[in-house]
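Okay, here's what each chain looks like letter by letter:
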Amino acid sequence: MAGFHRRTRLAVCTVNNWALDFTGNLERIVKTCAESFTQGARLRLGPELEIPGYGCADHFFERDTEIHSWQCLKTLSEKSKQWPELVIVTGMPIRFRGLLYNCLVTLKDGCLLLIRPKLALCDDDVYRESRWFVAWSEKATTYEMKIDPEYGFEQDSVPFGDGVVESSDGVSIGYEICEELWTAQSSHIDLALRGVDIVCNGSGSHHVLGKSNRRINQLVLGGSGKVGGVYLYCNHRGCDGDRVYYDGMSTIAHNGRLLVQLPQFDIEDTCVSSAVVDLRETQSFRSRIASMRNEAASRPALPFIPFNGKMVDPFISPLDPLPTEIEPVQLSPTEELCEGPPAWLWHYLRRSKMGGFFVPLSGGQDSAAVATMVRLMAEKVTNSVKKADENKTDDPSYYLNGERVGTNADELTNKILHTVYMASEHSSMETRKCADDLAREIKASHSSIFIDTAVSALLGIFKLAQGFMPSFTSSDNRETMALQNVQARIRMVLSYLFAQLALVTKGRTGGLLVLGSANVDESLVGYVTKYDCSSADLNPIGSICKSDLRKFLHLASEKYGIPSLKAIVESVPTAELRPLVDGKVAQTDEGEIGLTYDELSVIGSLRKPGLMGPYAMFEALLSLWSAKYSLDEIEHKVKLFYRRYAVNRHKATVSTPAYHAEAYSCDDHRNDHRPFLYPDFSLQFDAISAKVKDLKEQHFKTE
Ligand SMILES: Nc1ncnc2c1ncn2[C@@H]1O[C@H](COP(=O)(O)OP(=O)(O)OC[C@H]2O[C@@H]([n+]3cccc(C(=O)O)c3)[C@H](O)[C@@H]2O)[C@@H](O)[C@H]1O
Ligand SMILES: Nc1ncnc2c1ncn2[C@@H]1O[C@H](COP(=O)(O)OP(=O)(O)OP(=O)(O)O)[C@@H](O)[C@H]1O
Ligand SMILES: NC(=O)CC[C@H](N)C(=O)O
C-alpha cells in the first residue's frame with residue numbers, strides 16, 4: 001500500500017559568487033551541489049545568475065558571458081552524474097530566438113530538464129535588469145529550444161518558457177525568479193493554484209537597511225502562509241565586485257512556517273542547509289481553504305514537463321519528527337550596520353589582494369565609524385575562524401593573500417588597519433586625543449604627523465609664482481576657502497603615500513586600500529573638499545546619514561567594548577580647517593552648512609526615495625516642521641539645501657565607490673541618475689515664495 005507520507009529533503013544554499021569569475025563560481029556551485037547531495041537532498045536551489053555572477057552589468061551585453069556560462073553549465077551537467085538523484089536548479093543568461101533572458105536552469109543526472117526565463121525584471125534602486133534582458137511574456141507557454149551543438153550536450157534541445165517540472169512520482173517544482181516575488185501578482189500564487197508542490201526562487205537581492213524584514217517575513221513567509229506549499233528562497237551572499245552587498249538569508253518555508261534560514265552576514269563563501277518536508281501537509285493546508293479550491297479549479301493548466309526520477313525519498317522514516325518551525329533572525333538597521341559593511345570590506349579586501357586598509361583618522365565621527373567598521377570586520381573574521389577551528393572546517397574566506405588568518409582580532413586589526421592623525425595648526429587637542437584613544441582601543445597601527453610644513457611649502461610655491469599669499473583675515477571668501485582646501489587636499493596626497501609605503505616599512509608585501517569617510521549628508525550638500533580625503537578607494541559609509549552613523553557608533557561602543565567612541569559621538573563635528581579662537585574650535589559643520597545633520601537626514605530622504613523637488617519638499621516639511629519652525633525658516637532651509645546641492649552636485653560625479661546601504665545614496669555613478677550642471681531653481685523657488693505669501697495671507701485672514 002502506498003505510504004501516507006510524501007517526504008523529501010530539499011536544500012538551499014548561498015554562494016559568494018563574483019561577476020565573471022566563472023572558474024570560482026563553478027567551484028562554489030559544485031561544492032554546494034555535492035554538499036546538498038551528502039545531506040541527502042533531492043533538490044538543490046542556487047541564486048539568480050549564479051554562473052556568471054549577478055553583477056556582470058554591461059558584461060551581459062557580451063557574447064563571452066553567454067558562451068562561458070554555457071561552458072560552465074556543461075561542466076555542471078557532467079558533474080551532476082555523480083549525484084544522479086539530485087535535481088539542480090542554477091541561474092544564467094540564455095538567448096532564445098535572438099533575445100536574452102535571465103533564467104533558472106533545471107538539470108538532473110546530465111540532462112537539462114527546463115529553462116525558465118524571468119517573467120518580471122527588476123529596475124528599482126540600483127537594479128538595471130531591463131538594460132540587458134527582456135522579460136518572458138508568454139505565460140504558461142513553453143517551446144523546444146535548440147541547444148548549440150558546440151557546447152557538447154547529449155541532448156539537442158530543451159523546453160524553454162513558463163513551465164513546471166514533474167517527477168515520476170508526481171512531485172511538481174515551479175519557479176518564481178527574484179522580482180516575481182515582489183510584484184503585485186506574484187508567480188507563486190498561480191503556481192499554488194495549479195497545485196505546484198515546491199516553488200524555487202533564485203534571487204540576487206542586495207542589502208539595504210531593514211529590507212530583509214520585508215523579503216523574508218512579509219514576502220516569503222507571507223506568501224507561503226497564504227497559499228501554502230514549500231517555498232525555497234535562495235540568495236547570493238557577499239560582494240560580487242560592486243558597491244552592493246548581497247545579504248543571503250536563503251530560506252526554506254512550508255505553509256508559512258520557517259524551517260531554515262541561512263545567516264545574513266557570515267563570511268563563508270558557501271553555505272548549504274536542508275530540511276525534510278512532508279508534501280502531504282501542503283495538500284491538507286490548501287484543502288482547508290475552500291475559496292482557494294474554487295479559484296484553483298478555474299485556472300488554465302501550466303505546462304508540466306515530466307522527468308525520470310523520484311522526489312519522494314523512501315528512506316526518510318515516517319517515524320522521524322519533522323523539523324520544527326524556527327523564529328526568523330531579524331537584526332535592527334543599526335545592528336545591520338555592524339555586520340554588512342564589515343563583511344563587504346573583508347570580501348573586497350581579499351579579492352583585491354591588497355594588504356589592508358589605510359584610514360586618515362581625524363578623531364571625528366565619520367573616520368571613527370570607518371575605522372570601527374574595519375575593527376568589526378576583524379572581529380567577524382577571527383570569530384568565524386575560531387568556530388571553524390572548533391568544528392575542524394575550512395573555507396577560502398579565512399585566507400588573506402594565501403595566509404590563513406588567526407583567531408585574535410587585536411592581531412589582525414594591528415596588521416591590516418593603518419591610521420594616521422594628520423594635525424595642522426588648526427587641529428585641537430580634543431580631536432587628537434579622540435583619534436589616539438580610538439586607535440589604541442581597536443589596536444590599529446597608528447601614528448600622528450604634522451602637515452603644516454607641506455601646506456607652507458605649497459603656499460610658498462604659489463607665492464613665488466604669483467607674488468601673493470592668501471589670508472584667513474581677508475574678506476574674500478576665495479582666499480579662506482583656498483587655505484582650507486589646501487590642507488584638506490594635502491591629507492589625501494599623504495594618505496596615498498602612506499598607503500603605498502606603510503607595508504614596505506614593515507617588511508611586508510603589497511599596499512593598502514585607502515578608505516574614505518564622507519557620509520551621505522555632507523556629500524549631498526557638497527560640504528567636502530573635492531579630491532581631499534573624500535576621494536579614496538572605497539567608502540563604507542558613503543550612503544549612510546550622520547544620524548544613523550551616530551547610532552552605529554553608540555552601539556559599537558557598547559556591544560564591542562570600545563569606550564573611546566562615547567567621547568567621539570558626543571563631540572561637535574568640525575572640519576578644523578580654520579584658525580582656532582582662544583585655543584578652541586570656532587568652526588562647526590552644522591554652523592557652516594546652516595542645517596543640522598538631523599535636518600539633512602530628513603531632507604535627504606525626502607529627495608530620494610521620497611522623490612521630491614524643492615516645491616514638494618517644502619510642502620512636505622510644512623507638516624513635519626511647522627511646529628518648530630516658521631514658514632520663513634522652512635522656506636529658507638529648503639532653498640539653502642537646494643542651492644548648496646545644485647552648486648556642489650558635481651562632487652557626486654567623483655564620489656568614492658561606497659557600500660550601498662540606503663536608497664537615499666547620492667552616488668552619481670549608478671544609483672542616482674541626475675545631471676550635475678544645474679540651472680537655478682527660479683520657478684520652483686518662486687512657487688515656494690508665492691505659497692508662503694498665500695499661507696501667510698490665509699493665516700492673517702483667519703486671525
Ligand atoms: N559646475 C562644476 N562642475 C565641475 N567642477 C566644478 C563646478 N563648479 C565648481 N567646480 C570645481 O570645484 C571646485 C570647488 O570645490 P572645492 O575645491 O571642493 O571647494 P569648495 O566647495 O568651495 O569648498 C570646500 C568646502 O568643504 C568644506 N569642507 C572641507 C573639508 C572637510 C569638510 C568636512 O568637515 O567634512 C568640509 C570646507 O569648509 C568648504 O566649505 C572649483 O574650484 C572647481 O574646481
Ligand atoms: N586631522 C586629521 N587627521 C587625519 N585625517 C583627517 C584629519 N582631518 C580630516 N581628515 C580626513 O578628512 C576627512 C574629512 O575631514 P573632516 O574631519 O573635516 O570631515 P568629517 O566629515 O567631519 O569627518 P570626521 O567626522 O571623520 O572628522 C576625515 O573623515 C578624515 O578622513
Ligand atoms: N534581482 C531582483 O529581481 C531583485 C528584486 C527585488 N526588488 C530585491 O531587491 O530583492
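Just so you know, these numbers come straight off a predicted model, no measurement behind them. Within every chain, residues take consecutive numbers counted from 1 along the sequence as written. Chains carry letters and ligands carry numbers; both start at the beginning, A for chains and 1 for ligands, and go up in the order they are written. Since the coordinates come from a predicted model, pLDDT governs what is reported: local features require at least 70, and pairs of side-chain atoms require 80 or more to be given and counted, while whole-chain, interface and lining totals use all residues. Hydrogens and water molecules were not included; the side-chain quantities draw on all heavy atoms of the structure.

### Notes on the environment of Pro 117
Each helix corresponds to a stretch of at least 4 residues labelled H or I by DSSP, and each strand to a stretch of at least 2 residues labelled E; elements are numbered beginning at the N terminus. By secondary structure assignment, the location of Pro 117 is in strand 5 (residues 111-117). The cut-offs for exposure are 20% and 50% of the maximum accessible area for each residue type, with area from a 1.4 Å probe on protein chains only; residues under the lower value are buried, those over the upper are exposed, and the others partly exposed. For Pro 117, a relative accessible area of 0% puts it in the buried group.

### Considerations on the pattern of salt bridges
Pairing between side chains becomes possible if they bear opposite charge and their charged atoms approach one another. Here a salt bridge means any side-chain nitrogen of Lys or Arg lying within 4 Å of a carboxyl oxygen belonging to Asp or Glu. Summed over the entire model, instances satisfying the criterion amount to 40 salt bridges. Salt-bridge contacts for Arg 95 lead to Glu 66; the nearest nitrogen and oxygen are separated by 2.6 Å. Within this pair, whereas Arg 95 is found in strand 3 (residues 87-96), its partner Glu 66 is found in helix 2 (residues 63-79), the two being separated by 29 residues in sequence. Residue class for Arg 95 comes out partly exposed when judged on its relative accessible area of 36%. Among the salt bridges present, the one from Lys 551 reaches Asp 548, with a minimum N-O distance of 3.6 Å. Here Asp 548 and Lys 551 lie together in helix 15 (residues 546-559), a separation of three residues that amounts to about one turn. For Lys 551, a relative accessible area of 47% translates into the label partly exposed. A network of salt bridges, in which partner residues are shared, links Lys 74, Glu 78, Lys 81 and Glu 154.

### So, the pairing of strand 4 (residues 99-108)
The buried fraction of strand 4 amounts to nine of the ten residues, a majority that puts the element mostly inside the structure. If DSSP finds at least two bridges between two strands, the strands pair. Bridging between strand 3 and strand 4 involves ten bridges; their strand directions are antiparallel. Counted as the bridge partner of Pro 93 is Asn 102 from strand 4. In sequence, strand 3 turns back onto strand 4 through a hairpin of two residues, with Arg 97 there showing a positive phi of about 45 degrees. Two strands pair when backbone bridges link them, and strand 4 and strand 5 are joined in this way by six bridges, in the antiparallel orientation. Paired with Leu 104 across the two strands is Arg 116, which belongs to strand 5.

### Here we look at the site of ligand 1
A single heavy atom is enough: if one lies within 4 Å of a molecule or strand, its residue is considered near that molecule or strand. Around ligand 1, 19 residues are found, and the nearest of them are Asn 485, Arg 489, Thr 529, Lys 530 and Lys 651. Side-chain atoms alone can form a polar contact between residues adjacent in sequence; in general such a contact is a pair of N or O atoms within 3.5 Å, and within protein one must be able to donate a hydrogen while the other accepts it. Glu 522 has a polar side-chain atom sitting 3.3 Å from an oxygen atom of ligand 1. In the model, an oxygen atom of ligand 1 is placed 2.6 Å from a nitrogen or oxygen of the Lys 530 main chain. In isolation ligand 1 exposes 870 Å². Once the protein is present, 64% of that is buried. Amino acid classes used here: Ala, Val, Leu, Ile, Met, Phe, Trp, Tyr, Cys and Pro are nonpolar; Asp, Glu, Lys and Arg are charged; the rest, including Gly, are polar. Classifying every residue of the shell around ligand 1 gives six nonpolar, six polar and seven charged. Reported accessibility uses the Shrake-Rupley method at a 1.4 Å probe radius. Residues are deemed covered only where the shown protein chains occlude them.

### Focus on the site of ligand 2
Around ligand 2 sit 18 residues, and of these Pro 360, Ser 362, Ser 367, Met 422 and Ser 517 come closest. In the environment of ligand 2, a nitrogen atom lies 2.7 Å from a nitrogen or oxygen atom belonging to the backbone of Met 422. Between ligand 2 and the protein, one listed contact pairs an oxygen atom with a side-chain N or O atom of Glu 522 at 2.8 Å. Contact with the protein chains removes 90% of the 570 Å² of surface that ligand 2 exposes when unbound.

### With respect to the packing of helix 9 (residues 365-391) against helix 15
Each pair of packed helices gets described by two things: the angle between the helix axes and the distance between those axes. Note on geometry: axes are lines fitted to C-alpha atoms, helical ones only across the stretch in contact, with angles between N-to-C directions running from 0 to 180 degrees. Packing of helix 9 against helix 15 brings their axes to within 10 Å, and their N-to-C directions diverge by 50 degrees. In this view, helix 9 runs oblique relative to helix 15, as classed from their interaxial angle. The two elements helix 9 and helix 15 cross, and the hand of that crossing is left-handed. Contact residues: helix 9 offers Gln 365, Asp 366, Ala 368, Ala 369, Thr 372, Met 373 and Leu 376, while helix 15 offers Lys 546, Leu 549, Arg 550, Phe 552, Leu 553 and Ala 556. Residues that form the contact of helix 9 with helix 15 fall into these classes: eight nonpolar, two polar and three charged. Each angle is binned into one of four classes, with values under 35 degrees roughly parallel, values over 145 roughly antiparallel, values of 65 to 115 roughly perpendicular, and all other values oblique. Working rule for handedness: look at the near helix, and if it is turned counterclockwise from the far one by less than a right angle, call the crossing left-handed; if clockwise, right-handed. Any two residues whose heavy atoms approach within 4.5 Å are treated as being in contact.

None of the figures reported here should be taken as evidence of function without further support.
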